[in-house]
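Next come the chains, spelled out residue by residue.
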Amino acid sequence: MTPRMKSSKKWTAFPKEYSDQIEVVFRENFTDYMKDATVIVEGRIYPEEVLLRVGFRRPGELRQSNFETSMQYSAKEKDALERIHNCVDAAATMMLEFLEAEAEEKEMDLPYIWKELPVEGKKIFIQYTSENSSLEAEANKLLGIDIDGLVAEEEESEDALAVADEAVEAEDIIDEESETDDEDKNPRMFGSIKTGKKKKEDLH
């Protein structure tokens, strides 16, 4: 997973508890489409950028469909948690459109490079990739690259770690904001973007 901003060097992963919560939300809301698929959630917090990948891989397939989102945040304004929410919403929107197009056997114009998407006066960037996270991890092992060690020992950012700790301490984030919208029966991940058809045009 590659950050969008050139200045993004040091990072820390989302707290595991937080990533697990996001995975549960996606699995529960998209179970009719993905069935036995493996859901992959990878999040990184850089000093000025939040980077999120939500992907899925079906049994017996090497291809992994990833929906990646990126937003700049301000440590001064302490808005990283809100930006994470925005990223999850955008990933959910993109995933829903992808899965619906797949079910209807229609082609979808996917953003294979970072594409800007304005959201409530903020800039969010989205892209689709097909990188297999498991194969990438195995390749790193063969090359002697320990990503976990790299983050923990050499590339850890104190600012980013503080933001990650703040995020996981927030109470009931997922439970309160992942309710289903009664109007269109589509899931609302964190509230700022519906995953219904009303917002699909924003991805083009």
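Scroll up to find the structure.
Residues numbered from 1 in each chain as written. Predicted model: local features only at pLDDT ≥ 70, side-chain atom pairs only at ≥ 80, totals over all residues. Heavy atoms only, no water.

Colleague: Hey, could you run me through helix α1 (residues 16-29) in this one?
Modeller: Each turn of an α-helix holds 3.6 residues, which means side chains three or four residues apart point in the same direction. The end-to-end C-alpha distance of α1 is 20 Å, a good match for the 20 Å that 14 residues give at a rise of 1.5 Å each. For α1, the complete set of buried residues consists of Tyr18, Ser19, Ile22, Val25 and Phe26. Projected down its long axis, α1 carries its buried residues within an arc of 120°, all on one side. Turned more than 90 degrees away from the buried face of α1 sit Lys16, Glu17 and Glu28, all of them exposed. (Helix = DSSP H or I, 4+ residues; strand = E, 2+ residues; numbered from the N terminus. Expected span 1.5 Å × (residues − 1). Buried < 20%, exposed > 50% of the residue type's maximum accessible area, 1.4 Å probe, protein only. Arc of directions from axis to C-beta.)

Colleague: Help me understand the sheet that holds strand β6 (residues 122-129) in this model?
Modeller: Across the sheet, which stays open at both edges, the six strands sit in the order β1-β2-β3-β4-β6-β5 with antiparallel pairing between neighbours. The two strands at the open ends of the sheet, each matched to only one other strand, are β1 (12-13) and β5 (115-119). The pairing of β1 with strand β2 (residues 38-45) spans two bridges and is classified as antiparallel. What sits directly across from Thr12, in β2, is Ile45. Strands β2 and β3 (49-57) of the sheet are contacted by α1, whose axis makes an angle of about 140° with β2. Against the sheet, helix α3 (residues 80-103) touches β2, β3, β4 (65-72) and β6, its axis set at about 150° to β4. (Pairing = 2+ DSSP bridges. Contact = heavy atoms within 4.5 Å. Axes fitted to C-alpha atoms, helices over the stretch in contact; angles between N-to-C directions.)

Colleague: Help me understand the packing of aromatic side chains, please; the structure alone is not making it clear to me.
Modeller: Think of a pair of aromatic rings as described by two things: how far the centres are apart, and how the planes are tilted against each other in angle. One pass over the full model with this rule turns up nine aromatic pairs. Ring centres of Phe14 and Tyr18 lie 6.0 Å apart, and the angle between their planes is 55°; this geometry places the pair in the tilted category. Neither Phe14 nor Tyr18 differs from the other in exposure class; each is buried. Here the aromatic rings of Tyr112 and Tyr128 are separated by 5.8 Å at their centres, their planes lie at 85°, and the arrangement is edge-to-face. (Phe/Tyr/Trp six-rings, centres within 6.5 Å; stacked < 30°, edge-to-face > 60°.)

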